[in-house]
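# Structural description and commentary
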Amino acid sequence: MMASSSRQGGIQQLLAAEQEAQQIINAARSEKMARLKQAKEKAEKEVAEYRAQMELEFQRKVTEGSDGSGANVKRLEQETDTKILHLKAEAEKVSPGVTRMLLRHVTTVKV
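Throughout what follows, the structure given in this document is the object of discussion.

The next subject is the pattern of salt bridges. If you walk through the whole model with that rule in mind, you get four salt bridges. Ionic pairing is found between Glu31 and Arg35, a salt bridge with its closest N-O pair at 3.6 Å. Residue Glu31 and its partner Arg35 are both found in helix H1 (residues 2–107); the two are separated by four residues, about one turn of the helix. We note a salt bridge from Glu90 to Lys93, for which the minimum N-O separation is 3.4 Å. Of the two residues, Glu90 and Lys93 are both situated in helix H1; the distance of three residues between them amounts to about one turn of the helix. Look at Glu90 and you get partly exposed, because its relative accessible area is 32%. Judged by relative accessible area, which is 61%, Lys93 ranks as exposed.

Set out below in structure tokens:
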């Protein structure tokens, strides 16, 4: 009977140890889930802050770009006007020669 009683006590101890182990495991899982949830919330907050920062940077660049593009348009217009004036001056220089050459070719009759 004593052997049976000590076996019964050993089984009870094993069951108690198993329950305690299960409680420890459950507590560890709960802690892990809480830490994961906290880490996820922190990551989402950081992503939102980063996104807001990038959006501000983008808006700033768009604003600067629109100001800069106005300056670029003005600069390109000035360069174009300068080139047009240069081409007109060159055309005036060569125009009499071109006219003479055309008249000579048109009025020359080949027999």
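Its place among the elements puts Ala43 in helix H1. Sequence spacing of Ala43 and Val98 is 55 residues, and the spatial spacing of their C-alpha atoms is 75 Å.

The next subject is a nonpolar patch on the surface. Residues Val94, Val98, Met101 and Leu102 make up a contiguous nonpolar surface patch of about 330 Å² in total accessible area. Inspection of the secondary structure puts Met101 in helix H1.

Thresholds applied
Residues numbered from 1 in each chain as written. Predicted model: local features only at pLDDT ≥ 70, side-chain atom pairs only at ≥ 80, totals over all residues. Heavy atoms only, no water. Salt bridge = Lys/Arg side-chain N within 4 Å of Asp/Glu carboxyl O. Helix = DSSP H or I, 4+ residues; strand = E, 2+ residues; numbered from the N terminus. Buried < 20%, exposed > 50% of the residue type's maximum accessible area, 1.4 Å probe, protein only. Patch = residues over 30% accessible without salt bridge, like charges linked within 9 Å, V, L, I, M, F, W, Y side chains within 5 Å. Areas by Shrake-Rupley, 256 points an atom, 1.4 Å probe, with all protein chains shown as cover.

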